[in-house]
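# Understanding the architecture of this molecule
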Amino acid sequence: TDIVNKQIRNQFERSTIIADMIEKGIDFSNKKDQRVLSSIRDQLELCMLGYADRNGNVINYMGEEMGSISARQYFREVCSGEKENSCQYIPHVGTTNEPRVLFSAPVRENGTIKGVVFFSKEIDSLRESLFHQSLFGDEVSFFIVDKDGNILVKNEYAKKKFKDAENLQDICCSSSKWKTI
């Protein structure tokens, strides 16, 4: 869990840095600033980068108005000040139907929250960061699971070894070692 927590903290730091840039004048509707935001998006391998005002109205890094996120949990938590940052797993996104993780941070003006900056990353992008180097060698399976044991992410070795496994129960039931415990 230390590796996962470190990766989440890194993403929170990035969201806070972008929020600080907005506080200092970066404007999602300014063409010149959009080039900077686009570069950040590309460099950090983000799927989405957006800013929502206090009412939840979203503008993305290209200056496009995207509708409202006022009902979304991550927006309400951060905009209300309940949480300093929010991290939310999104199982299915848009036309790709690929899972993503969304990170958000407050944008302040004179200490008052004036909006929320948020970005999403594909699970595969996070997986690469998490499993890039293993202390245990190449033939070790790593998984990130939810509270019900559903597998959210597998490293490359686990993808090959447990190709059809969707839950930890699938792995435990397929191994004779685990069946006898």
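Structural data are supplied above this passage.
First things first, this report covers the structure right here in the doc. Keep in mind that what you see is a predicted model, and the values were worked out from it rather than measured.

To continue, consider the overall build of the protein chain. For the protein chain, the count of helices and strands is seven helices and eight strands. Within the protein chain, buried positions represent 39% of all 181 residues. Surface accessibility of the protein chain: about 11,300 Å² in total, with carbon and sulfur atoms responsible for 48%.

Next up on the list: the environment of Asp27. Looking at the secondary structure, you find Asp27 in the loop between helix H1 (2-23) and helix H2 (31-43). A relative accessible area of 35% means that Asp27 is categorised as partly exposed. Separated by 34 residues in the primary sequence, Asp27 and Tyr61 place their C-alpha atoms 9.1 Å from one another. Other than its neighbours up to four places away in sequence, Asp27 contacts Asp33 and Leu37.

Here Ser29 shows up in the loop between H1 and H2. Put simply, Ser29 and Glu65 are 36 residues apart on the chain and 9.3 Å apart in space, counted from C-alpha to C-alpha. Apart from residues lying up to four places away in sequence, Ser29 is in contact with Gln34 and Ile59. Polar side-chain contacts of Ser29 include one of 2.8 Å to the side chain of Asp27.

What counts and how
- Along every chain, residues carry numbers that run from 1 in the direction the sequence is written.
- Totals for whole chains, interfaces and linings use every residue, but because this is a predicted model, local features are given only for residues with pLDDT of at least 70 and side-chain atom pairs only at 80 or more, for both listing and counting.
- In computing side-chain properties, one takes all heavy atoms of the structure into account and sets aside hydrogens as well as water.
- The secondary structure listing takes helices from DSSP runs of H or I that are at least 4 residues long and strands from runs of E that are at least 2 residues long, numbered from the N terminus.
- Working definition: with a 1.4 Å probe on protein chains only, accessible area under 20% of the residue-type maximum means buried, over 50% means exposed, and in between means partly exposed.
- For every accessible area listed, the method is Shrake-Rupley and the probe measures 1.4 Å; residues are considered covered only by the protein chains on display.
- In what follows, a contact means two residues having at least one pair of non-hydrogen atoms within 4.5 Å.
- Polar contact criterion, stated in full: a pair of N or O atoms within 3.5 Å, where within protein one must be able to donate a hydrogen and the other to accept it, and residues adjacent in sequence count only if both atoms are side-chain atoms.

That's the geometry; what it means functionally is another story.
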